[in-house]
Amino acid sequence: MSYTTKELQDLAAFYKNQLLQNTVPFWFPRSIDQEFGGYLFMRDRDGSLIDDDKAVWIQGRAAWLLSTLCNTIQPKKEWLDGAKSGIDFLNKHCFDSDGQMFFHVTRDGQPIRKRRYFFCETFAVIANAAYAKASGDEAAAEKARFLFGKCIEYATTPGLLPAKFTTTRPSKGIGVPMIMINTAQQLRETIGDDRCDGWILKWIEEIKRDFVKDDIECVMEQVAPDGAIIDHIDGRTLNPGHAIEGAWFILHEAKYRNNDPELIKLGCKILDYMWARGWDEQYGGILYFKDVYGKPVQEYWQDMKFWWPQNETIIATLLAYTLTGDEKYARWHKMVHSYAYGKFHDQEHGEWFGYLHRDGSVAQTAKGNLFKGPFHLPRQEWYCAQLLSNLGY
C-alpha cells in the first residue's frame, strides 16, 4: 500500500490548507495579548478564554511558529508583528534573576513557578532564531546563540540546575538529547551556528547507545546513568509518542546529511519499535504510556489518546516513507492520519481536541492549557506540507 503521486499532491494541499485555513486562524490574531504582549492560549473548544495565565514554553513555541510561517510560507506583517509580541514578552518577563526561565507566569508577566528543567530555554532559542531570520534582528540572533550555549551547559553539567527531587536512584531521560537535537536543527536552519552539527551527532549517539534496546525492541523513556533499564515502575514506563518524535528528528538529520543510511536505519528502527509498542490495535491511535514488560502502568491516563503523539507519528511515518519508499510506512501514515483527523479534529470550531478516552470519545473540550497550544499540530501540518512540497508534490 504505497502512495500515488496524486495522493501525495492531495496530502500536501490538505496539510497546507489545514494549517492556514483552520489551525492558525483558530489561534491568531485573537490570542495575541494587545495589552501586555505575548499570547493568551488557554481556550475552550469555541476559542473562549478559560484562563489568562501564560505558559512560558508555549509563548516561545508560538513565536517560533509565527516566525517560521514568515520564513517559509509568506512574510506577512501580521505574523511578524505577532512573533515580535511573543519575543518581547519572553525577554521582558520570563527570565529570573539567575538567568533561568520561568515556566508559568500571570497575564502581565508576574512569575508563578519555575520548573527544574530547561525546556523553556530551548523554545526561546528556536523562537529567537526564527524571529531573527524573519526580521533581521541581530539582537534576537545573539540571544538565540547565547541561550543555546546555556542549554548545552545545562544538558552537560550535573548539578548546574536544582535537582527535581532527592533520590538515591539516579536516572536520565531521553527528553534532553531529543529536544537538544531539534533545538540545534532549528538554530542551524535559520541563522546557523558552528556548534550544531557536532552536538547533534553526540546526542543521537547517546540515544542510540543508552535508550535504544535492540534485545527487547524498545526505546526507553528513562534509564540509569549507564543506560541500564531501571526495573521499577517509573523506569519501566514508556512514552511511545515521545520516542517516535525522536525518530523523526533523527530521520530529519538523515535527510539533511544527504540521506545518511545509518541515520535512516536508526530512525526507522525507533519508529518500528515504538509503533509496535504504542499503536492501539483495538481502537486506533497512539497510546500514551506502556510498561516495557507489559506490567501495569502507574499513571491513570496511560491508555488515553493525547493529541501530540498522533502529530509526531504523522510526521515520522510520512518522513520514513519518503526516505525509504517502504510501503509499510505509507500504510502506517494512512492509519494514523485517518484516525487523528477523524477523532481529534473539531469540524465545528477548528483545531484539535487535546485529550480523548481510549475509545476515541472526547475527554474534555479545552483546546489550550499550560501544555497544549499552537505547536505540535501546526508544526506537523507545516512540516508535512513543506516536506512534500520540497519533493515536488
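Structure first, text after, so check above.
Residues numbered from 1 in each chain as written. Predicted model: local features only at pLDDT ≥ 70, side-chain atom pairs only at ≥ 80, totals over all residues. Heavy atoms only, no water.

A. Highlighting empty space enclosed by the protein. In this structure the tally under the stated criterion is 3 cavities of 30 Å³ or more. Reported here for the largest cavity is a volume of approximately 80 Å³. The wall of the largest cavity is formed by Trp64, Asn182, Gln185, Gln186, Glu189, Trp248, His252, Phe375, Arg379, Trp382 and Tyr383. Listing elements by their share of the lining of the largest cavity, those giving two or more residues are α6 (175–190), α9 (240–256) and α13 (376–390). Of the residues forming the lining of the largest cavity, the biggest block, 4 residues, is contributed by α6. (1 Å grid on protein atoms, 1.4 Å probe; cavity = no way out; pocket = protein on both sides within 12 Å on 5 of 7 lines; lining within 4 Å. Points joined across faces, edges and corners; volume = space filled by probe spheres on them. Helix = DSSP H or I, 4+ residues; strand = E, 2+ residues; numbered from the N terminus.)

B. View of helix α5 (residues 138–156). Here α5 contains 19 residues, and its C-alpha end-to-end distance of 27 Å stays within 8% of the 27 Å for a straight helix at 1.5 Å per residue. Taken residue by residue, α5 has Ala140, Ala141, Ala144, Leu147, Phe148, Gly149, Cys151, Ile152 and Tyr154 as its buried positions. Of the residues flanking the start of α5, the one acting as N-cap is Asp137, its side-chain oxygen 2.9 Å from the backbone nitrogen of Ala139. (Expected span 1.5 Å × (residues − 1). Buried < 20%, exposed > 50% of the residue type's maximum accessible area, 1.4 Å probe, protein only. Polar contact = N/O pair within 3.5 Å; in protein donor to acceptor, adjacent residues only side chain to side chain.)

C. Molecular detail of the environment of Val24. Counting through the fold element by element, Val24 comes out in helix α1 (residues 5–27). Taking the relative accessible area as the measure of exposure, Val24 reaches 6% and is therefore buried. Note: C-alpha distance between Val24 and Ile233 (209 residues apart in sequence) is 39 Å. Here Val24 is in contact with Leu19, Leu69 and Trp79, once residues within four sequence places are set aside. (Contact = heavy atoms within 4.5 Å.)

D. Local environment of the pattern of salt bridges. Using the criterion set out here, one finds 30 salt bridges in the structure. Between Glu348 and Arg45 there is a salt bridge, with the nearest N and O atoms lying 3.2 Å from each other. With a gap of 303 residues between them, Glu348 in the loop between α12 (327–343) and β11 (355–356) and Arg45 in the loop between α1 and β1 (54–55) connect regions that are remote in the sequence. Linking Lys269 and Asp214 is a salt bridge whose minimum nitrogen-to-oxygen distance equals 3.1 Å. In this pair, Lys269 sits in helix α10 (residues 261–278) while Asp214 sits in the loop between β5 (212–213) and β6 (218–219), placing the two residues 55 residues apart along the sequence. Judged by its relative accessible area of 21%, Lys269 falls in the partly exposed class. Overlapping salt bridges bring together Arg188, Glu189, Asp197, Glu253 and Arg257 as one network. (Salt bridge = Lys/Arg side-chain N within 4 Å of Asp/Glu carboxyl O.)

E. Representation of the sheet that holds β1 within the structure. Overall, antiparallel pairing links the 3 strands, which are arranged β1-β2-β3 in an open sheet. Unpaired on one side and paired on the other, β1 and β3 (111–113) mark the two borders of the sheet. Here 2 bridges tie strand β2 (residues 104–105) to β3, and the two strands are oriented antiparallel to one another. Looking across to β3, one finds that Val105 is bridged to Pro111. (Pairing = 2+ DSSP bridges.)

F. Structural detail: unusual backbone geometry. For the peptide bond that leads from Phe28 to Pro29, omega is 10 degrees, which places it in the cis range. When you line up the elements, Pro29 lands in the loop between α1 and β1. The backbone phi angle of Asn258 is positive, close to 55 degrees, even though this residue is not glycine. Its location among the elements puts Asn258 in the loop between α9 and α10.

G. Geometry of the layout of surface pockets. Considering only enclosed or pocket space, the second largest pocket measures out at about 410 Å³ in volume. Listed by contribution, the elements that provide at least two residues to the lining of the second largest pocket are α2 (56–72), α6, α9 and α13. Ranked by the residues each element gives to the lining of the second largest pocket, the list is headed by α13, at 5 residues. Its residues assigned to classes, the lining of the second largest pocket comprises 5 nonpolar, 8 polar and 3 charged. (Nonpolar A, V, L, I, M, F, W, Y, C, P; charged D, E, K, R; others polar.)

H. How the structure looks around the packing of aromatic side chains. Overall, the coordinates contain 37 aromatic pairs when judged by the stated rule. Both rings, one in Phe14 and one in Tyr341, keep their centres 4.9 Å apart while their planes meet at 80 degrees; by these two values the pair is edge-to-face. Of this pair, Phe14 sits in helix α1 while Tyr341 sits in helix α12; the two residues are 327 residues apart in sequence, bridging distant segments of the chain. Ring plane angle 75 degrees and centroid distance 5.6 Å describe the contact between Trp307 and Tyr355, whose orientation is recorded as edge-to-face. Here the residue Trp307 occupies a position in helix α11 (residues 307–324), and Tyr355 occupies one in strand β11, the gap between them amounting to 48 residues. (Phe/Tyr/Trp six-rings, centres within 6.5 Å; stacked < 30°, edge-to-face > 60°.)

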